[in-house]
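Each chain, letter by letter, is given below.
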Amino acid sequence: MIKAIIIEDEQPARDLVKHYLKEHQNIEVVAEFSDGFSGLKGINEFKPDLVFLDIQMPKLTGFELLELLDSYPQIIFTTAYDQYAIKAFEMNAVDYLLKPFSQERFSQAVNKVQNLNNKAEQQGKVQNLTKHLSDEVEQLDRVVVKFGNKIKVIPVDDILYIESQDDYVMIYTTEGKYLKQQTMKYFEIHLDSGIFIRIHRSYIANINSIKQLELYEKNSYLAVLSNGAKLKVSDSGYKHLKNVLKN
Amino acid sequence: MMVHPIISNLRNFSVYSVIWLVIILILTFVDVNIFKADFLTAFTSSCVYNLSYEILGIGLWYNIRYKNFEKINQVNRFLYHLTEASIISIIWVLICQFIISTLFSSEKHLFNLSNGYLPFTFLAGVVYYIFLTLFYYLYISYINLQEKIKNEATLQALVKETELNLLKSQINPHFLFNSLNSISSLTITNPGKAREMIIKLSEFLRKSIGNKEQKMISLSEELQHLLLYLEIEKVRFGERLQYQFDIPETCNKFPIPIMIMQPIIENAIKHGVYEATEPILIKFTCTSIFNGIKICIENNYDPEAPPRKGNRMGLKNVDTRLKLTYHSENLLKTSNENNIFKVEMTFPATSLKQSI
């Protein structure tokens, strides 16, 4: 028996998934949730094998929810938005169902889950798929982090700077600092490059939070931030900074 | 088609003739007082010279109007006119001389006298040529300028209309797909409701797609259209979406730009209902003000929901549309207080007729 949960904010859409599942007796819906937060809690509580996940939801989007999970079950996205398909497959989603979808299309997705013993093969396929699709960069407008037992959603404008810490990054805001498992490269690409500048191998700074540049040694600068932090600026970082400030 | 500036209407021709008459009198006066000619001979010769040039001058127009000067460069054009001025003046002087000498053949002294100012008459011919040519050029460029201004105005009106059409809200594809998904679900759980929703959706689409030409609509019709949209969305969102209309009877007939409120409702749903788990109430109120009406749309939102960097395109489009329609600023105001987002729109009653 495969344990599944549905995370979807619209009642009719949930009803439809449940109806389609009647053809798949080996899948049992153990719970349903109508927003991102409760969905996240639900996954941790029920440990399902399969999640039907909407993307556009209150509190947390489907993607933000996945970012907050250490390991996640099989995911089938259900959404009316076609522009997230690439990102969905990058997150190793089993399938991406565009609303409205048919019983046949739905069953096809569900059958993939059942055949998923062959996981390695599946991943190979996904990698092939994403390789052929162009990198359409979606800009972040908020970042979700785990903070103790709580979830914190940080609007990107509140970020002062980001510091690299091995496999993690530390995100500094006026309120505190938050650790997140993500790469610097990711943030460099997905944050507005007119505002967030890679000033050093270890730092991405919000240009609005930089108060001044201090001469540190010959040809070497320190960026002084609004919270008092002083960050090293590399040569190339200094060039980036100058370019952005010029425009 | 450019007509002759002088002979195309009587008034212009009269003015032209009067100018020549003045010239005739002045020259007669000069002849009599400076060259000591007797009045009759002076006046007659002046008439011969100037009346003949009056007719010649009318003809000069065709020379400028129908010559393809665009292909000739400035220097060549100048040389052309210089040559033409000289040749015309010489011929003119000779012919006039001949006429005068025939008229006054008996009075030899006069013939000699007029011989004395031959270069002067030639110069006068060149000056006449220059004046008339400049006048015609000026006239042509004036007409061209007028035409250009007219064309520009037409173009501007066209641009404005296109802009207005672009600003008209377009049907959001996600709204459509999500609604179709709801219908798909309702066909199983509640076929009657599915049918009802298909009818509402069709009605909404028909009005949205069909109204390409119509620019203004009565408030009550616009609200009916909005109600359809809200009812469709309510099937998706259930209790999370609430709405309330407070529209006095007197406002119902008032004309407003078609679908002007649609983007505002979409925003309220996107930033309010999408992000909240609690019910969101969208409230419409309308008040009559001096010379128009004021419509207020407000919605609460989840204060916990982090601000999404929503594009303000929708609101900006509404603002531009109001500006273009009513030629007036500050018709759209927004405020955000106590977790209530409020949009206020003023629709003036005046300039409605001249708006496109």
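Scroll up a little and you will see the structure.
Note that the coordinates shown come from a computational prediction; the quantities given were computed from them, not determined experimentally.

Colleague: I tried to follow the sheet that holds strand β15 (residues 230–233) of chain A on my own but got confused; where do I start?
Modeller: Sheet strands pair by backbone hydrogen bonding; their relative direction is either parallel or antiparallel. All names here are of chain A. Ordered by their spatial adjacency, three strands build an open sheet running β13-β14-β15, and the pairing between neighbours is antiparallel. Edge positions in the open sheet fall to β13 (210–217) and β15, since each of these has one partner strand only. In this sheet, neighbouring strand axes are inclined to one another by 30° on average, regardless of whether the strands run parallel or antiparallel. One ladder, built from six bridges, connects β13 with strand β14 (residues 220–225); its direction is antiparallel. Across the sheet, Gln 212 pairs through a bridge with Val 224, a residue of β14.

Colleague: Explain the sheet that holds strand β11 (residues 196–200) of chain A to me, please; I cannot follow it from the model alone.
Modeller: Residues and elements named next belong to chain A. Spatial strand order, β10-β9-β8-β12-β11: five strands in an open sheet with antiparallel pairing. A single partner strand is all that each edge strand has here, and the edge strands are β10 (177–180) and β11. With direction set aside, neighbouring strand axes in the sheet form an average angle of 20°. Relative to strand β12 (residues 203–206), β11 runs antiparallel, the two sharing four bridges. What sits directly across from Arg 198, in β12, is Ile 204.

Colleague: Any chance you could explain the interface of chain B and chain A here in plain terms?
Modeller: A common way to express how large an interface is: the accessible area buried when the components associate. Facing the 24 residues of chain B at the interface are 28 residues of chain A. Here chain B and chain A share an interface that buries about 2,400 Å² over both sides, 53% of which is from carbon and sulfur atoms. Inspection of the chain B/chain A interface yields four salt bridges. Here chain B and chain A share four residue pairs in polar contact (both at pLDDT 80 or more) between them. Of all the secondary-structure elements, those providing two or more residues to the side of chain B that touches chain A are α6 (173–189) and α8 (219–237) of chain B. The leading source of residues in the side of chain B that touches chain A is α6 of chain B, at 10 residues. Residues that form the side of chain B that touches chain A fall into these classes: 10 nonpolar, eight polar and six charged.

Colleague: Is there a simple way to think about the pattern of salt bridges in this case?
Modeller: By the definition in use, this model includes 23 salt bridges over all chains. Between Glu 233 of chain B and Arg 236 of chain B there is a salt bridge; the shortest N-O distance is 2.9 Å. Here Arg 236 of chain B and Glu 233 of chain B lie together in helix α8, a separation of three residues that amounts to about one turn. Between Lys 323 of chain B and Glu 329 of chain B there is a salt bridge; the shortest N-O distance is 3.8 Å. Overall, the relative accessible area of 31% leaves Lys 323 of chain B in the partly exposed class. Each member of the salt-bridge network shares a partner with another, and the members are Arg 14, Asp 15, Lys 18 and Glu 32 of chain A.

Conventions and cut-offs
Residues numbered from 1 in each chain as written. Chains lettered and ligands numbered in written order. Predicted model: local features only at pLDDT ≥ 70, side-chain atom pairs only at ≥ 80, totals over all residues. Heavy atoms only, no water. Pairing = 2+ DSSP bridges. Helix = DSSP H or I, 4+ residues; strand = E, 2+ residues; numbered from the N terminus. Axes fitted to C-alpha atoms, helices over the stretch in contact; angles between N-to-C directions. Contact = heavy atoms within 4.5 Å. Buried area = accessible area lost by both parts, 1.4 Å probe. Salt bridge = Lys/Arg side-chain N within 4 Å of Asp/Glu carboxyl O. Polar contact = N/O pair within 3.5 Å; in protein donor to acceptor, adjacent residues only side chain to side chain. Nonpolar A, V, L, I, M, F, W, Y, C, P; charged D, E, K, R; others polar. Buried < 20%, exposed > 50% of the residue type's maximum accessible area, 1.4 Å probe, protein only.

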